[in-house]
Amino acid sequence: MISGKGGTGKTTFSATIHALDGGVIADCDVDAPNLHILLNPRILKAEDFIGTKKAEIVQDRCSGCGLCYELCRFGAISADGYFVDEKKCEGCAFCFNVCPEKAIEMRDVKTGDIYFSETQWGYFVHARLKPGEENTGRLVTEVKNRAKKVAEDVGSDFLIVDAAPGVGCPVIASLTGVDAAIIVTEPTASGLSDMMRVLELCEHFRIRPFVVVNKYDLNEDVTLKIEKYCSENEIEFAGRVPFDERILEQIANLSFPFSGKAAEKMVECWKKVKEVL
Amino acid sequence: MRIAVASGKGGTGKTTVAVNLAVFNSIDLFDLDVEEPNDYIFIKGEAEERIAYRKVPEVKDNCNACGVCKDVCQYSAIYVIDKAYPLPELCHSCGACVYLCPEKAMEEVDYQTGKIVRVKSDEITLTYGELTIGEASAVFLIKQVKELMESTAIIDSPPGASCPMVESVSDADYVILVAEPTPFGLHDLKIAAEVVSELGKKFGVVVNKHGLPFDGVEKYCREEGIEVLGKIPFSKDIAEKYSRGELLQDMKDFFVQLYEGIA
């Protein structure tokens, strides 16, 4: 489940599918995960995620030659006293490999937590990145791979991966190895622009896209433009979902599974995708 | 003063706030959401663009497939068979392989990470980056766009709470966190607030889609002593204007006051 633009309804759609058909679901928006708010899971297992290594200068051994400072491309080493700014360190280990005094060590850093959970409808793998951390892609890959393993173990026909907005590393990590991508977009100039870019991303990684327009009645001209674009470019169109104020109330009250015309339409779109696949 | 507009959750209204804040106060705008830049939709004018590059390794004929480059690369961005094959999309441009190759068989070449566009409208200049599709890291491009920034700027940040967001707000003097009043919005606001606090930034909150039946965001701000800078109503009219790529002319005063309240 991808979108390019944020806030188009990926999580609402993913959760609705899970409540209908169960199976296994993964929240791969590890920066700002939201699925757990709706699914109210029971956490069965929580684990630390060691997502990266960072350099640390052992002061006793440092001769102050400054080679690490000169070579670091990320400005992560300060020149006065030579120490590593953990926030800027990319974990490339360049300094570790060149230090003539062997004064630099690469230390494991915990970048998040991974949870394996059970919901009322099935299984749920999710995570939380430590705020401000990097290497989101690695954590996403870990969540997705674990969810895949769970799906195989319990014999689920499908795995839903709720991805982050954008087109960068967390989205690429969510997309690799999937059979299809549902692109949830909205009929706004931004939604359209961002959809084009995720479609290009799908093409780049040879992933089969399906397009759903959420809140289609917000601007029917743009909705028609999206549909026309899909039909001209032979992209499968899974349907349009109306704007439904009741779903906003249901989100506010956390009354899930959702009911009403938007939820019904989402179910229809999902059935269409499932049938085709 | 540099003001960054950020949020944990996507689609809360960062672009709306950033674009209108910049135009109605005549301040240059930087769209650092290079994965999905949208500000250009609202700022029309003559555009100039150039390619943005980063360095990646290229292998020369004297490679003897010793594998040192593969061993030092922390990003699995090189594989070795009969010689070394770098994978530029996974490369973090750290330069370690080139420097450590015993045969001096690698050199750094330019690789397109995206483009940088400047749009001059009647009121302001918009500068934005557009990441090449397939590039994993947005940070190289964000850094290059940031080099063009003066001491007064409005910054539209990418959503989330990881490296691209951190990079985008790191040079700001003040951060506006745009939050929507839903349980999702509250959850992600807390994460974003944690990031900007840790960076030592001054920040306040603009509530967008105010009027939705959830008071958790304002309650949280009250309890934490976070200033609510303003509220943008939940309205179909605003959503429709956004959908057409129009500015919120009716709310000009709101955005002027929002700026004055911070600066």
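Keep in mind that this is a model prediction, so the values were computed, not measured. Per chain, residues are indexed from 1 in the order of the written sequence. Both sets of labels track the order of writing: A upward for chains, 1 upward for ligands. Reporting in this predicted model follows two pLDDT cut-offs: at least 70 for local features of residues, and 80 or more for side-chain atom pairs to be given and counted; totals over whole chains, interfaces and linings ignore these cut-offs and use all residues.

Undergrad: What is the right way to read the environment of Pro170(A) from this model?
TA: Residues and elements named next belong to chain A. Helix and strand definitions here come from DSSP, where helices need a minimum of 4 consecutive H or I residues and strands a minimum of 2 consecutive E residues; each element is numbered from the N-terminal end. Looking at the element boundaries, proline 170 is found in helix 6 (residues 169-175). A C-alpha to C-alpha distance of 8.1 Å links proline 170 and arginine 138, two positions 32 residues apart in sequence. With C-beta atoms placed from the backbone, a contact is any residue pair whose C-beta atoms sit within 7 Å. In this structure, proline 170 is in contact with Cys28, Val30, Thr136, Gly137, Val140, Ala163 and Ala164, ignoring residues within four places of it in sequence.

Undergrad: What is the right way to read the sheet that holds strand 6 (residues 180-185) of chain A from this model?
TA: Two pairing modes exist for strands in a sheet, parallel and antiparallel, and in both the strands are linked by backbone hydrogen bonds. Residues and elements named next belong to chain A. Spatially, 6-7-8 is the arrangement adopted by the three strands of the open sheet, whose pairing is parallel. Across the chains shown, the open sheet's two edge strands, defined by having one partner strand only, are strand 6 and strand 8 (236-241). Averaged over all neighbouring strand pairs, the angle between strand axes comes to 20°, with direction disregarded. Two strands are said to pair when DSSP picks up at least two bridges between them. Both strand 6 and strand 7 (residues 208-214) contribute to a ladder of six bridges, which runs parallel. Each residue of the ladder has a partner; that of threonine 185, found in strand 7, is valine 213. Packed onto the sheet, helix 7 (residues 189-204) meets strand 6 and strand 7 and runs at close to 170° relative to strand 6. Only the stretch in contact is used when a helix axis is fitted, and all axes are lines through C-alpha atoms; the angle between N-to-C directions ranges over 0 to 180 degrees. Lying on the sheet, helix 10 (residues 261-276) is in contact with strand 6, strand 7 and strand 8; it crosses strand 8 at an angle near 170°.

Undergrad: Sorry, what's going on with the domain arrangement of chain B here?
TA: The figure often quoted for interface size is the accessible area lost as the parts come together. All names here are of chain B. What fixes the domain bounds is an automatic or database domain assignment. If you check the domain split of chain B, you get domain 1 (2-45 + 121-262) and domain 2 (54-112). Between the C-alpha centres of domain 1 and domain 2 there is a distance of 38 Å. At the interface, six residues of domain 1 touch six residues of domain 2. In this classification, the charged set is Asp, Glu, Lys and Arg, the nonpolar set is Ala, Val, Leu, Ile, Met, Phe, Trp, Tyr, Cys and Pro, and all remaining amino acids, among them Gly, are polar. By residue class, the composition of the side of domain 1 that touches domain 2 is two nonpolar, three polar and one charged.

Undergrad: So what exactly am I meant to see when it comes to the domain arrangement of chain A here?
TA: On domain assignment, one finds that chain A holds domain 1 (10-40 + 119-276) and domain 2 (53-110). Computed from C-alpha atoms alone, the centre-to-centre distance between domain 1 of chain A and domain 2 of chain A is 40 Å.

Undergrad: Where do I start with the nonpolar core in this structure?
TA: Proteins that are soluble and globular tend to have nonpolar side chains buried together. Nonpolar cores are identified as sets of buried Ala, Val, Leu, Ile, Met, Phe, Trp, Tyr and Cys residues joined via C-beta atoms within 7 Å. A residue is called partly exposed when the number of other C-beta atoms within 10 Å of its own lies between 12 and 20, exposed at 12 or fewer, and buried at 20 or more, with C-beta atoms placed from the backbone. With 135 residues, the main nonpolar core has Ile183(A), Val212(A), Val5(B), Ile154(B) and Leu177(B) as its most contacted residues. If we skip the residues at most four places from it in the chain, Val212(A) touches Ile182(A), Ile183(A), Val184(A), Ala238(A), Gly239(A), Val241(A) and Cys269(A).

Undergrad: How should I be thinking about the interface of chain B and chain A in this particular structure?
TA: Across the boundary between the two partners, chain B contributes 51 residues, which contact 50 residues of chain A. Elements represented by at least two residues in the side of chain B that touches chain A include exactly helix 3 (96-100), helix 5 (163-169), helix 6 (183-198) and helix 8 (236-244) of chain B. Sorting elements by how many residues they give to the side of chain B that touches chain A places helix 6 of chain B first, with eight residues. Looking at side-chain class alone, the side of chain B that touches chain A contains 25 nonpolar, 18 polar and eight charged residues.

Undergrad: I tried to follow the packing of helix 1 (residues 14-24) of chain B against helix 9 (residues 252-262) of chain B on my own but got confused; where do I start?
TA: The geometry of a pair of packed helices is captured by two quantities: the angle between their axes and the separation between those axes. Residues and elements named next belong to chain B. The N-to-C vectors of helix 1 and helix 9 enclose an angle of 85°; their axes lie 9 Å apart at closest approach. The orientation of helix 1 with respect to helix 9, classified from their angle, is roughly perpendicular. Here Asn20, Leu21 and Phe24 of helix 1 lie close against helix 9, whose contacting residues are Lys252, Phe255, Val256, Leu258 and Tyr259. Angular relationships are summarised with four words: roughly parallel below 35 degrees, roughly antiparallel beyond 145, roughly perpendicular across 65 to 115, and oblique for the angles in between.

Undergrad: I tried to follow unusual backbone geometry on my own but got confused; where do I start?
TA: A negative phi holds for most residues other than glycine; trans holds for most peptide bonds. Residue and element names in this part refer to chain A. In this model, phenylalanine 256 is joined to proline 257 through a cis peptide bond whose omega is 0°. Along the chain, proline 257 falls in the loop between helix 9 (245-253) and helix 10. Notably, asparagine 40 is not glycine yet its phi reads approximately 45°, a positive angle. With 12 C-beta atoms counted inside 10 Å, the residue asparagine 40 sits in the exposed group. Even without glycine at this site, glutamate 234 takes up a positive phi of about 55°.

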